[in-house]
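Chain by chain, the residues run as shown.
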Amino acid sequence: MAAAAAAHRHNKRRLISPAPTTTTAPPLDSLADELLFLVLDRVAAADPRALKSFALASRACHAAESRHRRLLRPLRADLLPAALARYPSASRLDLSLCARVPDAALAAVPSGSSLRALDLSLSGGFGAAGLAALAGACPDLADLDLSNGVHLGDAAAAEVARMRALQRLSLSRCKALTDMGLGCVAVGCPDLRELSLKWCLGLTDLGLHLLALKCKKLTSLDLSYTMITKQSFLAIMKLPNLQVLTLVGCIGIDDDALGSLDKECSKSLQVLDMSHCQNVTDVGVSSMVKSIPNLLELDLSYCCHVTPSMGRSLQKITKLRMLKLEGCKFMADGLKAIGSSCVSIRELSLSKCSGVTDTELSFAVSKLKNLLKLDITCCRNITDVSVAAITSSCTSLISLRMESCSHVSSGALQLIGKNCSHLEELDLTDSDLDDEGLKALAGCSNLSSLKIGICLRISDEGLTYIGKSCPKLRDIDLYRCGGISDDGVIQIAQGSPMLASINLSYCIEITDRSLMSLSKCTKLNTLEIRGCPKVSSAGLSEIAMGCRLLSKLDIKKCFQINDVGMLYLSQFSHCLRQINLSYCSVTDIGLLSLSSICGLQNMTIVHLAGITPNGLTAALMVCGGLTKVKLHEAFKSMMPAHMLKSVEARGCIFQWINKPFKVEVEPCDVWKQQSQDVLVR
């Protein structure tokens, strides 16, 4: 019996003894990079800030996040060496948040770098020496943006020419560039596909002709506001692969240049922008169209009168899909000719055109039944007749812009919602829209952008219809809609989880309740509540905590917002780039806390009674990323000159404002009447 009992106890111990331990790798270590990167892509899409938290979870996570990141956006140039060391696999470097990037920072890029794209479009402080170091370190650099490099000349261009792998290059506003520098680029970078020379005023036909001779692979070329004339225009138009040509404001392009085009002109051209070419007339356009039969998009805005003969000539461009005629004057039957000749177009812009009447517009849209986008902004002569024609003929519209069409009634606006249910973008700013119109628009469930500012007849009831029916809404403009209050804003916030931008400026009845509801919209990046006197720091603190992607904030004349709101912004709104604080109750304490946001670039600080010269000086010295500051002129003589020079040397521009102190906000209806009086004059 004793032996049996001992055996039983032995077997029992065997049954309950723990299993032998085995060492298993952490789950993330066992995943292939391809799968792990898919996970990180999902994480970044949901919340870019979450990548930092992921990297801190373990060594494996830290290493994986390092291998995964392809884009770097350092806040200061001195952080660049550490960022490149931390993320050796990065292929794109965006320095647009760094006002000044000295040559030494570019020289810190390690030799053999994997960088393929570099954005220096908003940076200064570097020159030919920095670009020379970059050319040696990045043999595979394919995309370089040097826009706004007003200090860059031919020496810098010669170093760019050493980057033989370049395919995309922007030299916009490099005003010191001459034909010699462009010649170096043309010879050194024969593989260029996309090139922007906008506002390069030092270029002539000599350099442009050499460009056309050497860079045969160009597919996109921007020569806006250059001195191009007929001599090089012909060579440019014969580039065999050119698809996009932009000639905005080129006064050297005239009817003679357009008429000189012949059948040898490249048939690859698909997009041509000649807006603001003052010396082009309808005669030149009519003679040109025969040479560009495969054109898909044509922009003649502010260019010439639209005559029947010019409209009929467009029939030769059988594939035309987009036609922009903003600011043009229509002669009698000109718009009718457009409708009859351009039946294939999907996008038509008539913004600010004179001579657009109900008769002609109704006829045109009756022929353009496949139209997807229509812009009739400020066509002040059209009435309900035109809207009825548009909504009955163009039922597939996805974009309709008709701001300040003041002769259209609220009843006609209801037809938009009833007949154009596919709309994604709608602009009815300064119209007779009312709640019944919004009720009809609720049928447009795909709306992502709705601009109904200065619509004085809408109320919370109308916004409720939109909030309940338009879940895809990302951008809504309610500027000076005096009839709305918290209840309407709450409906929009609850019904639009993807909301990214909202303008509530001068909606004087809204309070912190609106801000608290908007704080649940985690994608919100732009908030404009200028002239809303009933909101306070309590509501702004909710926005700061809930909307971590907030980048643009306008709280001018929000008198109850004080230092408390700034403290919350400094703690939670690390993405903030632009803020207007004018007339608020912020003091030196709040301004100093706000200056701790590393990425802050643009501040407007006018008529802040609580700000002293010493506090302002301290804040400007601490906030190293500023590129633009608006201040009252009175501060200019109160602040140390050496401090102002030091801040300017970092790349910051001061704009001195001398506006009188004005607290009162005009009622919306009074303001609208004053605006209309100005337009009438």
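Just so we're clear, the structure is a prediction, and the values are computed from it rather than from any experiment.

**Comments concerning the overall build of the protein**
Along its length, the protein carries 28 helices and 24 strands. Overall, the C-alpha framework of the protein stretches about 115 × 75 × 65 Å when taken along its three principal axes. Burial statistics for the protein: of 681 residues in total, 51% are counted as buried. Summarising the internal contacts of the protein: among those between residues at least 6 apart in sequence, 72% fall at separations of at least 24. Put simply, the protein shows about 29100 Å² of open surface, and 55% of that area lies on carbon and sulfur atoms. Here the protein contributes 73 positively and 64 negatively charged side chains, and the mean placements of these two sets differ by 7 Å.

**Observations concerning the UniProt feature "domain: F-box/LRR-repeat protein 15-like leucin rich repeat" (unreviewed entry) in the protein**
In this numbering, the UniProt entry assigns the feature "domain: F-box/LRR-repeat protein 15-like leucin rich repeat" (unreviewed entry) to residues 129–291 and 371–515. From the first C-alpha to the last, residues 371–515 spans 39 Å; its make-up is 35% helix and 12% strand.

**Focus on unusual backbone geometry**
Despite not being glycine, Trp 199 has its phi angle at roughly 65°, a positive value. For Lys 557, which is not glycine, the phi torsion reads 60° and is therefore positive. Note on Lys 557: relative accessible area 8%, which makes it buried.

**A few points about the environment of Gln 278**
With respect to the helices and strands, Gln 278 occurs in the loop between strand 9 (271–273) and helix 13 (282–288). Separated by 30 residues in the primary sequence, Gln 278 and Val 248 have C-alpha atoms spaced 9.7 Å apart.

**Quick look at the nonpolar core**
In a soluble, globular protein the nonpolar side chains are often hidden away together inside. One finds Leu 197 and Ile 555 to be the most contacted residues of the largest nonpolar core, which totals 195 residues. When residues no more than four places from it in sequence are discounted, the contact partners of Ile 555 are Ile 529, Leu 540, Ile 561, Met 566, Ile 579, Asn 580, Leu 581, Ser 582 and Cys 584. In this structure, Phe 37, Leu 40, Cys 61 and Ala 64 belong to the second largest nonpolar core, which totals seven residues.

**Focus: the packing of helix 9 (residues 179–188) against helix 10 (residues 205–214)**
Running from amino to carboxyl end, helix 9 crosses helix 10 at an angle of 5°, the nearest separation of the two axes being 9 Å. It follows that helix 9 is roughly parallel to helix 10 by the angle criterion. In this structure, helix 9 contributes Asp 179, Leu 182, Gly 183, Ala 186 and Val 187 to the contact, and helix 10 contributes Leu 206, Gly 207, Leu 208, Leu 210, Leu 211 and Lys 214. Taken together, the residues of the contact of helix 9 with helix 10 break down into seven nonpolar, two polar and two charged.

**Describing the side chain of Asp 427**
Inspection of the secondary structure assignment puts Asp 427 in strand 15 (residues 425–427). Within the buried core, Asp 427 has no salt-bridge partner, and the shortest N-O distance to an opposite charge, that of Arg 401, equals 4.3 Å. Apart from residues no more than four positions distant in its own chain, Asp 427 is found in contact with Leu 400, Arg 401, Met 402, Glu 403 and Lys 451.

**Digging into the pairing of strand 24 (residues 653–657)**
Sheet topology places strand 23 (residues 628–632) next to strand 24; five bridges connect them, and they run parallel. Opposite Leu 631, over in strand 24, you have Trp 656 as the bridge partner. Chirality of the crossover, the property in question, places the unit of strand 23, helix 27 (residues 641–649) and strand 24 among those that are right-handed.

**Notes on the environment of Gly 149**
Structurally, Gly 149 is set in the loop between strand 4 (143–145) and helix 8 (154–160). You can call Gly 149 buried: its relative accessible area is 2%. Sequence separation between Gly 149 and Leu 120 is 29 residues, and the spatial gap between their C-alpha atoms is 8.5 Å. When sequence neighbours within four positions are dropped, the list of residues in contact with Gly 149 reads Ser 172, Arg 173 and Cys 174.

What counts, and where the lines are drawn
Residues numbered from 1 in each chain as written. Predicted model: local features only at pLDDT ≥ 70, side-chain atom pairs only at ≥ 80, totals over all residues. Heavy atoms only, no water. Helix = DSSP H or I, 4+ residues; strand = E, 2+ residues; numbered from the N terminus. Buried < 20%, exposed > 50% of the residue type's maximum accessible area, 1.4 Å probe, protein only. Contact = heavy atoms within 4.5 Å. Areas by Shrake-Rupley, 256 points an atom, 1.4 Å probe, with all protein chains shown as cover. Lys, Arg positive; Asp, Glu negative; His and termini not counted. Charge placed at Lys NZ, Arg CZ, Asp CG, Glu CD. UniProt positions renumbered as here; feature names shortened; annotations may be inferred. Core = buried A, V, L, I, M, F, W, Y, C linked by side-chain atoms within 4.5 Å. Axes fitted to C-alpha atoms, helices over the stretch in contact; angles between N-to-C directions. Parallel < 35°, antiparallel > 145°, perpendicular 65-115°, else oblique. Nonpolar A, V, L, I, M, F, W, Y, C, P; charged D, E, K, R; others polar. Salt bridge = Lys/Arg side-chain N within 4 Å of Asp/Glu carboxyl O. Pairing = 2+ DSSP bridges. Right-handed = clockwise from strand over helix to strand, strands pointing away.

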